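One-letter residues, chain by chain:
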Amino acid sequence: MAFRILRPDSLSAWENEYILKRFSNYRGILDGKQIARYLIAKSLECKFDPNNDSLEVLENLLKEKSIEFNELLKKSIASLKNREIKASSYIDLATTIANRYLESCIFCERRCGVNRIQNETGYCLLTKDSYVSSAFLHFGEESVLVPSGTIFFQSCNFGCVFCQNYDLSQAWKGRRNIEDIAQKINEKKLAAIAERLVEKGAFNINYVGGDPIPNLHTIVGSLKYQTSNICQLWNSNFYLTNESLSLIIDFMDFWLPDFKYGNNECAEKYSGIKNYFDVISRNHKRIHDEGSGEIIIRHLVMPNHIECCSKPILDYVAKEIPKCAVNIMQQYRPQYKTNKYKEINRLPTSQEIADVKNYADKLGILYQPVS
Ligand code: SF4
């Protein structure tokens, strides 16, 4: 197939025994030997009253269903394949809770508390509506992920001064009508976009942006209408709240989270984010220990941030989340607002990149096949 010529490493990466072992479920889905988690979740019946049950009741039910779901995962694939899809399932419950959270938005740790259902907006400037700026087979993602069915959402909850996607995340804010530059979608339209990507040969459905976090309700809701046995992949800055991570942790097969900063201070300075390291490390630990555990962390090497950011992140990965692979990314470019920050207004040097890779080698971190 064409992608093999475009990216020969998409095949050779699977020759690495550690990649095969760490991403065995994802590989199983590709080979038709495993079932995507969201399809299993659709077979888990969930009885609740979406209009009258309190949020507390729904959240408690979610915890119970998560335990049941993880018990289900222990069953044989043959028995899981024969389970029928329920009219009201674990997916419906998560969607209902997500829409309740929209009434006082707590999707990310900015916790704006605005009523997005009533068209109020917080930092990300999104109401209840989601917007997709593009969706296509992406051949530039990590080797094992291509061709990736990538869906780009408009807007972001971060404000990184060096954003490489600032046209999606920031540039439209206050300047342009979002409907002029992106397609308004709902759950069913998003599912149709995902299914079209599957038909084109996608290996996974890759939710990115901007960031998918402000669109979590639409993404979870779309799973009700998707039907293909395809890996679901969350590609994000990962500044989710614990509550919102609970809504997706069982449904995602693969995680592609950023880990940008090794401390809270750098994050506040360059992305306007509080408690970054605490939140991001907490979320990584959860998906490693409680979720699928199939994770490629993206770490963008920034100039002059090797000691304060790159090395502490690698230390954390080696100690707390050792099953992850790390993409040590070299594509940092000074752009957007970096001219106001002299220390990051240049490319990283080859010595800085080598320092980070040598440090990863010293810690035994798996990075080469996916970097
Ligand atoms: S997604 Fe985050 S930034 Fe957007 S309104 Fe909700 S809490 Fe605020």
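Residues numbered from 1 in each chain as written. Predicted model: local features only at pLDDT ≥ 70, side-chain atom pairs only at ≥ 80, totals over all residues. Heavy atoms only, no water.

Caption draft 1: Representation of the nonpolar core within the structure. In terms of nonpolar packing, the biggest core is built from 114 residues, with F162, W234 and W255 touching the most fellow members. When residues in this core are grouped by element, the largest group, seven residues, is from helix 8 (residues 90-101). Ignoring anything within four residues of it in the chain, the contact list for W234 reads Y207, P212, I213, L216, I219, L240, I248, M252, F254, W255, L256 and P257. One finds L126, Y131, I178 and A182 within the second-largest nonpolar core, a separate group that totals five residues. (Core = buried A, V, L, I, M, F, W, Y, C linked by side-chain atoms within 4.5 Å. Buried < 20%, exposed > 50% of the residue type's maximum accessible area, 1.4 Å probe, protein only. Helix = DSSP H or I, 4+ residues; strand = E, 2+ residues; numbered from the N terminus. Contact = heavy atoms within 4.5 Å.)

Caption draft 2: Region of the structure containing the sheet that holds strand 5 (residues 231-236). If you walk across this open sheet you meet the six strands as 3-1-2-4-5-6, and the pairing is mixed. Each having just a single partner strand, strand 3 (183-185) and strand 6 (254-257) make up the two edges of the open sheet. Each adjacent strand pair in this sheet contributes to an overall mean axis angle of 30 degrees, direction not counted. Across the sheet, helix 11 (residues 187-200) lies against strand 1 (130-138), strand 2 (148-153), strand 3 and strand 4 (204-208), angled at about 150 degrees from strand 2, the strand it touches most. (Pairing = 2+ DSSP bridges. Axes fitted to C-alpha atoms, helices over the stretch in contact; angles between N-to-C directions.)

Caption draft 3: Just unusual backbone geometry, in detail. Of the consecutive residues V146 and P147, the connecting peptide bond is found in the cis state with omega at 0 degrees. Relative to the helices and strands, P147 resides in the loop between strand 1 and strand 2. Omega for the peptide link from G209 to G210 comes to 25 degrees, which places this bond in the cis form. Despite not being glycine, L125 has its phi angle at roughly 65 degrees, a positive value.

Caption draft 4: How the structure looks around the layout of surface pockets. Computed from the structure, the largest pocket encloses a volume of approximately 790 Å³. For the largest pocket, the lining is made up of 36 residues, of which Q164, N165, D258, R298 and M329 are closest to its centre. Taken together, the elements giving at least two residues each to the lining of the largest pocket come down to strand 2, strand 5, strand 7 (296-300) and strand 8 (325-329). In terms of residue count, strand 7 provides more of the lining of the largest pocket than any other element does, three residues in total. A per-class count over the lining of the largest pocket returns 11 nonpolar, 17 polar and eight charged. In this structure, the second largest pocket encloses a volume near 300 Å³. In this structure, the second largest pocket is lined by 16 residues; those nearest its centre are L62, K63, S66, S246 and R286. The set of elements that each furnish at least two residues to the lining of the second largest pocket consists of helix 6 (55-72), helix 8 and helix 13 (242-248). Broken down by element, the lining of the second largest pocket gets its largest block of residues, eight residues, from helix 6. (1 Å grid on protein atoms, 1.4 Å probe; cavity = no way out; pocket = protein on both sides within 12 Å on 5 of 7 lines; lining within 4 Å. Points joined across faces, edges and corners; volume = space filled by probe spheres on them. Nonpolar A, V, L, I, M, F, W, Y, C, P; charged D, E, K, R; others polar.)

Caption draft 5: Up close: helix 15 (residues 276-289). The terminal C-alpha atoms of helix 15, which comprises 14 residues, lie 20 Å apart, in line with the 20 Å expected from a rise of 1.5 Å per residue. Counting buried positions along helix 15 yields 10 of 14 residues, so the element is predominantly enclosed. Among the residues of helix 15, Y276, F277, V279, I280, S281, N283, H284, R286, I287 and H288 are the ones counted as buried. (Expected span 1.5 Å × (residues − 1).)

Caption draft 6: Looking closely at empty space enclosed by the protein. Applying the stated criterion across every chain yields a total of one cavity of 30 Å³ or more. There is about 100 Å³ of room inside the largest cavity. As for the largest cavity, its lining consists of 15 residues, of which C105, C108, C112, R116 and C124 are closest to the centre. Here the lining of the largest cavity is built from residues that sort into 10 nonpolar, two polar and three charged.

Caption draft 7: Representation of the site of the ligand. C105, F107, C108, R110, R111, C112, R116, G122, Y123, C124, N157 and P214 make up every residue found near the ligand. Most atoms of the ligand, that is more than half of them, are within 2 Å of grid points of the largest cavity. Of the residues in the shell around the ligand, the class split is seven nonpolar, two polar and three charged. (Near = heavy atom within 4 Å. Sits in = over half its atoms within 2 Å of the grid points.)

Caption draft 8: The arrangement of the environment of I19 in detail. Within the fold, I19 resides in helix 3 (residues 17-22). What makes I19 buried here is its relative accessible area of 0%. C-alpha separation for the pair I19 and L366, spaced 347 residues apart in sequence, amounts to 8.4 Å. If sequence neighbours within four positions are ignored, I19 has contacts with A13, W14, V144, L366, P369 and V370.

Caption draft 9: Spotlight on the pattern of salt bridges. According to the stated counting rule, one finds 20 salt bridges in the structure shown. Between E243 and R111 there is a salt bridge, and its shortest N-O distance comes to 2.9 Å. Of the two residues, E243 is situated in helix 13 and R111 in the loop between helix 8 and strand 1; the sequence distance between them amounts to 132 residues. Under the relative-accessibility criterion, R111 is labelled partly exposed at 35%. Note that E268 is salt-bridged to K274, the shortest N-O span being 2.7 Å. Connected through salt bridges with shared partners, the residues E109, R111, E243 and R282 form a single ionic network. (Salt bridge = Lys/Arg side-chain N within 4 Å of Asp/Glu carboxyl O.)

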